[in-house]
Amino acid sequence: MKKNVAIRIGIIFIFLALVSPIFSQTYRSFRSEVQDIVENKTRFKIGPFRLYPQIRFRDIGYDGNVYRQLEKDDTISDYTATLSPVLQVHTLFRNWLIVSLEENLEYIHYFKVEKERALNNSITPGVKILLFKCFVLSGQYSYRNRKRRASSEFDVRVKEIAREYTGSFFYETARQTMFGFSGSSRKISYEDITLPGQKIYLSRQLDREEKTGLVEFYYRLFPRSTFFLNAGYTEYRFDDIETQWRNSHSYQVSTGLRFLLIGSMRGSVSVGYKQLVPWTKDLEGFSGFVGRSSLDLRAGCFALRLGYSRDSHFSFWTSDMYFIEDRYSPGVSFYLARFLKIDYNFSYGENRYPEPEILYYPDGRVEKVKRKDIYQTHSIGFAVRISGNTGIGISLTFWKVDSSFYLRGNREQMFVGMYVTQDF
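The following refers to the structure shown. On a predicted model such as this, the values are computed, not experimentally measured, just so you know.

1. Section: the overall build of the protein
- The helix and strand tally for the protein stands at 3 helices and 22 strands.
- For the protein, the C-alpha radius of gyration of 23 Å lies close to 22 Å, the compact-globule estimate for 424 residues.
- Overall size of the protein, expressed as C-alpha extent along the three principal axes, is 75 × 55 × 50 Å.
- Looking at the protein alone, contacts between residues at least 24 apart form 57% of all its contacts between residues at least 6 apart.
- Per element, the accessible surface of the protein, about 22700 Å² overall, is 59% carbon and sulfur.
- Charge separation in the protein, taken as the distance between the mean sites of 59 positive and 46 negative side-chain charges, equals 9 Å.

2. Things to note about the packing of aromatic side chains
- Applying the stated criterion to the full structure yields 21 aromatic pairs.
- Their ring planes at 80° and their centres at 6.1 Å tell us that Y273 and F289 sit as a pair that is edge-to-face. With a gap of 16 residues between them, Y273 in strand 14 (residues 265-278) and F289 in the loop between strand 15 (286-288) and strand 16 (291-299) connect regions that are remote in the sequence.
- On the accessibility criterion, F289 (36% relative accessible area) is partly exposed.
- Just above the ring of Y27 sits the side chain of K128; from NZ or CZ to the centre is 4.5 Å.
- Above the ring of Y201, the side-chain terminus of R204 is found at 4.2 Å from the ring centroid.

3. Overview of unusual backbone geometry
- For K133, which is not glycine, the phi dihedral falls at a positive 65°.
- Locating K133 in the fold gives a position in the loop between strand 5 (118-131) and strand 6 (135-148).
- Residue classification places K133 among the exposed residues on the basis of a relative accessible area of 66%.
- Of note in the backbone geometry, Q176 takes a positive phi value of approximately 65° without being a glycine.
- Residue placement: Q176 occurs in the loop between strand 7 (158-172) and strand 8 (178-190).

4. Focus: the environment of F334
- With respect to the helices, strands and loops of the structure, F334 is situated in strand 18 (residues 322-337).
- In this structure, the C-alpha to C-alpha distance between F334 and E164, residues 170 residues apart in sequence, is 41 Å.
- Sequence-distant contacts of F334, that is, excluding residues within four places in its chain, are made with C301, F302, L340, K341 and I342.

5. Re the nonpolar core
- With 26 residues, the main nonpolar core has F154, V158, Y190, L202, L206 and F316 as its most contacted residues.
- Where this core is concerned, the elements lending two or more residues are strand 4 (97-110), strand 8, helix 3 (202-206), strand 12 (225-238) and strand 18.
- Counting residues in hydrophobic clusters, the runner-up holds 11 residues, among them I98, L130, V136 and Y218.

6. Some remarks on the pattern of salt bridges
- One pass over the structure, following the stated rule, counts 26 salt bridges.
- Across the salt bridge formed by E350 and K372, the nearest N and O atoms sit 3.7 Å from each other. Of this pair, E350 sits in strand 19 (residues 340-360) while K372 sits in strand 20 (residues 366-387), and the two are 22 residues apart along the sequence.
- Assessed through its relative accessible area of 35%, K372 is described here as partly exposed.
- Salt bridges sharing partners connect three or more residues here, namely D155, R371, D373, R408 and R411.

7. Digging into the pairing of strand 7
- Across 14 bridges, the pairing between strand 6 and strand 7 is antiparallel. Following the sheet pairing, Y143 is matched in strand 7 by R163.
- For strand 7 and strand 8, the ladder comprises 13 bridges, and the chain directions are antiparallel. In the sheet register, F170 faces strand 8, and the bridge partner there is G180.
- What sits between strand 7 and strand 8 in their antiparallel hairpin is a turn of 5 residues, with Q176 showing a positive phi close to 65°.

8. Some details on the pairing of strand 18
- Alignment of strand 17 (residues 302-314) against strand 18, held across 13 bridges, turns out to be antiparallel. Each residue of the ladder has a partner; that of A303, found in strand 18, is S333.
- Relative to strand 19, strand 18 runs antiparallel, the two being bridged by 11 bridges. Paired with I324 across the bridge in strand 19 is R352.
- Where strand 18 folds back on strand 19, the antiparallel hairpin that results is connected by 2 residues.

9. Quick look at the environment of P354
- As for its position among the elements, P354 is in strand 19.
- Counting along the chain gives 30 residues from P354 to I324, while the straight-line C-alpha distance between them is 8.2 Å.
- Those residues in contact with P354, other than ones at most four positions away along the chain, are E284, D320, Y322 and K370.

10. A few points about helix 2 (residues 30-40)
- Of the residues making up helix 2, those classed as buried are F30, S32, E33, V34, D36 and I37.
- On the buried face of helix 2, the contacting elements are strand 2 (49-63), strand 3 (78-93), strand 4, strand 5, strand 6 and strand 7.

11. As for the environment of L131
- Relative to the helices and strands, L131 is located in strand 5.
- L131 gets classed as partly exposed once you look at its relative accessible area, which sits at 31%.

Rules used in this analysis
Residues numbered from 1 in each chain as written. Predicted model: local features only at pLDDT ≥ 70, side-chain atom pairs only at ≥ 80, totals over all residues. Heavy atoms only, no water. Helix = DSSP H or I, 4+ residues; strand = E, 2+ residues; numbered from the N terminus. Rg over C-alpha atoms; globule rule 2.2 N^0.38 Å. Contact = heavy atoms within 4.5 Å. Areas by Shrake-Rupley, 256 points an atom, 1.4 Å probe, with all protein chains shown as cover. Lys, Arg positive; Asp, Glu negative; His and termini not counted. Charge placed at Lys NZ, Arg CZ, Asp CG, Glu CD. Phe/Tyr/Trp six-rings, centres within 6.5 Å; stacked < 30°, edge-to-face > 60°. Buried < 20%, exposed > 50% of the residue type's maximum accessible area, 1.4 Å probe, protein only. Lys NZ or Arg CZ within 6 Å of the ring centre and 35° of its normal. Core = buried A, V, L, I, M, F, W, Y, C linked by side-chain atoms within 4.5 Å. Salt bridge = Lys/Arg side-chain N within 4 Å of Asp/Glu carboxyl O. Pairing = 2+ DSSP bridges.

Spelled out as structure tokens, the structure:
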């Protein structure tokens, strides 16, 4: 029996290794969601309402370069802290209806740079209905108003507002085999930002509407692992008439495995292919492997982590419609004792742009350069367990980017502060 299980796992990972990872599992069965609410998401009950409040603290410390500026631009440093309370509310009715609401208020405080202070808000109501014990109809609305770095291109935090409607219809079996359709419509808008010597009109470059349709299939291989396969289509329409040359659509197909626990390993691995097709005929599109995966392995006094992601993202810096991002994120923890551990995390990323940049020099020379940005992050810290799997620690993080694009240049940032971990 153990040999057969090992063979099945081996076949899956050989298949997954043939291509790069893509999307992780998104849909959850009605029964597993009810079980999770009852066992893990109910801290208080008030009548029919199950409440699960949390308070998260992030980025408490000293930021050596708030705007990730070039050194010649007189970098600004400050002390910062983020308080992020979350409230999840669920109502279950006779095992056929789930009504949910999640509210996340987040306050970002800077002690000196007042313009960087922000109150973020995310609210997500949803409903899930089980019909005839095997069909599930669900709908969800999401509103997010956040000041953040929306992608690796962003050196400063900007306000991003996203509104999204999602609906799905699935067939589920008692063994949690699931097949269905889902669709979503998302509207994204940004504020414009001002940097030393320039103004970037993000609203013109990135404001858009995205419409997505997916066909999805899930099959439970083991009690705590699920195989999935999905295929979909997304349409991108930009708001500003001057940037409607970015209008495009994409096709994607993905397959993979998500496991909560296999031995001492947990995480998700997936594979897939994406094709981004511009509606403007002269533009170069993208086709290739994209994805997102993460693995955690505990071995004795060590905990190993490995993350990888690859995708195309819309660009605002240049005349390129998009850039391709590859990111590798290994990490390791060493437990000096049951209550004390040392953490080290490293991240390496490359952003590549399909169209060459034209550089004009004072002596009249003109040069075409393919833009490439290389990101590196080193983080080291230690944490002390305070209760259960929760601990508190101190970390030192160095971030840098080296770019062949003259406006981006080479930038560095140092952050030292406290962090909370729930992974002891």
